[in-house]
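Observations on the model geometry
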Amino acid sequence: MALPGLVYYLLFHYVPMVGVVISFKDYSPIDGLAGIFTSPWVGLEHFEKFFGSYFFVRVFTNTIVISLLKLAFGFPAPIVLALLINEVKNRVFRRIVQTVSYLPHFISWVIVSSMIYLLASPSFGIAGSVLEWFGYREGFYALSSNDFFRGILVGSSIWKEIGWSSIIYLAAISGINPELYESAMIDGASRWKQVRHVTLPSITNVISVLFILNVGGLLDAGFEQIFLLYSPSVYATSDIIDTYVYREGLVTSNFSFATAVGMFKSVIAMALIVSANTLARRLEAENLW
Amino acid sequence: MVTPLSRTAIYAALSLLVASIALPFLYLLAVSLTNETLLRNMSLSGVSFGAYEFLFRSSGKIVASFQMSVLRTVLGTICNMLVSIPLAYSLSKKQLPGRKAMMLYIVITMVFHGGLIPTYITVTSYGLINSVWAMILPALVSAYNVILLRNFFMAIPPALEESARIDGASDYAVLRKVVLPLSTPVLATIALFYAVYHWNEWFNVLLYIRRSDMWTMQVLLRNIVMEASAVNELMSMDTAGRMTPESIKVSTLLVTIFPIVLLYPFVQRYFIQGVMLGAVKE
């Protein structure tokens, strides 16, 4: 019964994994699937080329910086939202906030990026007018400005996921034993102190599991979002490993080279998630395995 | 105690969030209905569905893409469920031989994968270019969803299944008649996750589909908003001369969102339940 599912994984996940060897070879797209085995070996040539290239520093830095920014702002945001929603006693307002905030998660990045594109457009969108009030020249286009672009990435990413990510935290918070709050109140704790000493410690497990998962994805930095929003004028601050792989691999057909870069990324990502998990285990928090 | 000041602050912050989400959609909706750039002409010069009329009547492109999106979503979700459910069910049985190995096999794919290029090479060499299957097969099973399903199945009391087996039911029959009827919330949630994924997925269409008449709404939308060529083509079909490029873009965007927003209130119940089920059972 499990067979079709397992066959799928074989065909679409493990077979491509074998294809990773082309990063050590000189593969040409014409060769097709068999070419994975028949192309000549070139050892670490592609890796050397990558590390030595002008783009390595830029691409790697952007990936790390963007991920860290998203982590620093985007990881606490749903927690804060969950805490805020938890404080709201009015059920109607609560439902409205939850319903509305979950919606962007179901909207694709194509749509969100189109919205940003339309709203930021100098001729059409309102963003242009708002920026003019702040003194930017008329026709300023935020999406091609290196100063703004990362902010747009982080901001829109939070906007999209804050509601959905808060569900897990809310579920955890609602599972906290009310007696803990009562005893804190008896000890004279204000609401704020209650949050700090009862709520937060109780959800530490959930926070650490999600944190591990996030750290594991550090090198991902949101390919689809960036790919849809970026343009050559902002490559300097937004070109990440994945977008570079896409351009090198599929646009200019440097298959072997792009695979080498991609593999470098996968290996590091795996190392990251394993170390983050080990760290959590050492600290005796919840972990993945 | 919560001070009045902090309560106001909390309500204000949350209202700001709600507004930041609702307003862009409402703004774009208003623009598409009035056919003017709203900020320049603040007057509601009359609600007109002209833009939508144009999209659906004069231009076959939108209709074709819409149909493609629907086809992909329906067919894809069915295939997803047909493969994921038996997989999750068999993995939920502790007595399954090689169960741990299989779980590892699947979890590894969540952490490590061949990368974009090898996957691309693989899929193209299977001959899936320009086929609907290129949109469905590469993402046929989601490990995350399988784990959610498996956890739920594991929580079903074995006594129920055993009594069915005593009555002589085969594995498949037990699954169909006992387990599935009990699992409707989780099944609805997973089906929803898959369906939303299909409706929104854009990148693998970009990669594997070369024919513009097989585009899904997402790809069409991207083209219309970002590239002049698609818009000009559509504009040239506008014999009444009432459309602006912006109204085409905005209307297409709203048509793409529309099914999701329409179904959203009804299914919201299910997915919250489903996510909590999955989280709690971890």
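Residues numbered from 1 in each chain as written. Chains lettered and ligands numbered in written order. Predicted model: local features only at pLDDT ≥ 70, side-chain atom pairs only at ≥ 80, totals over all residues. Heavy atoms only, no water.

**Details of the overall build of chain A**
Tallying secondary structure elements over chain A gives 16 helices and 0 strands in all. Partitioning the intrachain contacts of chain A with sequence separation of at least 6 by distance along the chain shows that 65% fall at a separation of at least 24. Carbon and sulfur atoms provide 65% of the accessible area of chain A, an area that totals close to 13300 Å². (Helix = DSSP H or I, 4+ residues; strand = E, 2+ residues; numbered from the N terminus. Contact = heavy atoms within 4.5 Å. Areas by Shrake-Rupley, 256 points an atom, 1.4 Å probe, with all protein chains shown as cover.)

**Thoughts on the overall build of chain B**
For chain B, the helix and strand inventory stands at 14 helices and 0 strands. The N-to-C order of helical and strand elements in chain B reads α-α-α-α-α-α-α-α-α-α-α-α-α-α. Scored against the burial criterion, the 282 residues of chain B give a buried share of 51%. Long-range pairs, those at least 24 residues apart, make up 76% of the contacts in chain B with a sequence separation of at least 6. Taken as a whole, chain B presents about 13200 Å² of accessible surface, with 68% of it coming from carbon and sulfur. (Buried < 20%, exposed > 50% of the residue type's maximum accessible area, 1.4 Å probe, protein only.)

**Thoughts on the pattern of salt bridges**
Residues and elements named next belong to chain A. Per the counting criterion, the structure on display carries 6 salt bridges over all chains. Here Arg247 ties to Asp239 by a salt bridge, and the two come within 2.9 Å at their closest N and O atoms. Residues joined by salt bridges that share partners form a network here, namely Arg58, Asp239 and Arg247. (Salt bridge = Lys/Arg side-chain N within 4 Å of Asp/Glu carboxyl O.)

**A short note on the packing of aromatic side chains**
All names here are of chain A. A complete count under the given rule lists 28 aromatic pairs over all chains for this structure. Between Phe51 and Phe56, the aromatic rings sit 5.1 Å apart at their centres with planes inclined by 85 degrees, giving edge-to-face as the arrangement. Classification of Phe51 as partly exposed rests on a relative accessible area of 39%. Looking at Phe56, the relative accessible area reads 17%, which means it is buried. (Phe/Tyr/Trp six-rings, centres within 6.5 Å; stacked < 30°, edge-to-face > 60°.)

**Structural notes on the interface of chain B and chain A**
Contacts between the two partners involve 80 residues from chain B, matched on the other side by 79 residues from chain A. By the criterion of area lost to chain A, the three top residues of chain B are Tyr105, Phe112 and Ile117 of chain B, representing 9% of everything that side buries. There are 0 salt bridges connecting chain B and chain A. Classifying every residue of the side of chain B that touches chain A gives 60 nonpolar, 15 polar and 5 charged. (Buried area = accessible area lost by both parts, 1.4 Å probe. Nonpolar A, V, L, I, M, F, W, Y, C, P; charged D, E, K, R; others polar.)

**Details of helix 10 (residues 178-186) of chain A**
The backbone nitrogen of Glu179 of chain A has a side-chain oxygen 3.0 Å away, supplied by the residue at the start of helix 10 of chain A, namely Asn177 of chain A. Looking at the residues trailing helix 10 of chain A, positive phi occurs at Gly188 of chain A, about 85 degrees. (Polar contact = N/O pair within 3.5 Å; in protein donor to acceptor, adjacent residues only side chain to side chain.)

**Concerning a nonpolar patch on the surface**
A contiguous nonpolar surface patch, about 360 Å² in accessible area, is contributed by Val70, Val74, Ile78 and Leu82 of chain B. Relative to the helices and strands, Val70 of chain B resides in helix 3 (residues 60-91). (Patch = residues over 30% accessible without salt bridge, like charges linked within 9 Å, V, L, I, M, F, W, Y side chains within 5 Å.)

**A short note on the confidence of the model for chain B**
All names here are of chain B. When pLDDT is averaged along chain B, the result is 78; 85% of the residues meet or exceed 70. At the low end of the mean pLDDT range in chain B sits helix 13 (residues 228-236), at 69; at the high end sits helix 11 (residues 203-208), at 87. The low-confidence segment residues 36-44, where pLDDT is below 50, has 15 contacts with residues more than four positions distant or belonging to other chains. Scored by ipTM, the complex comes to 0.82, with pTM at 0.82. (pLDDT = per-residue confidence, 0-100.)

**Some words on the environment of Pro259 of chain B**
All names here are of chain B. Structurally, the position occupied by Pro259 is in helix 14 (residues 245-281). Separated by 100 residues in sequence, Pro259 and Ala159 place their C-alpha atoms 41 Å apart. Apart from the residues lying within four places of it in its own chain, the contact partners of Pro259 are Phe66 and Trp199.

**Comments concerning the environment of Arg269 of chain B**
Residue and element names in this part refer to chain B. Of note, Arg269 is situated in helix 14. Owing to a relative accessible area of 58%, Arg269 belongs among the exposed residues under this scheme. For the pair formed by Arg269 and Met217, sequence separation is 52 residues and the distance between their alpha carbons is 27 Å.

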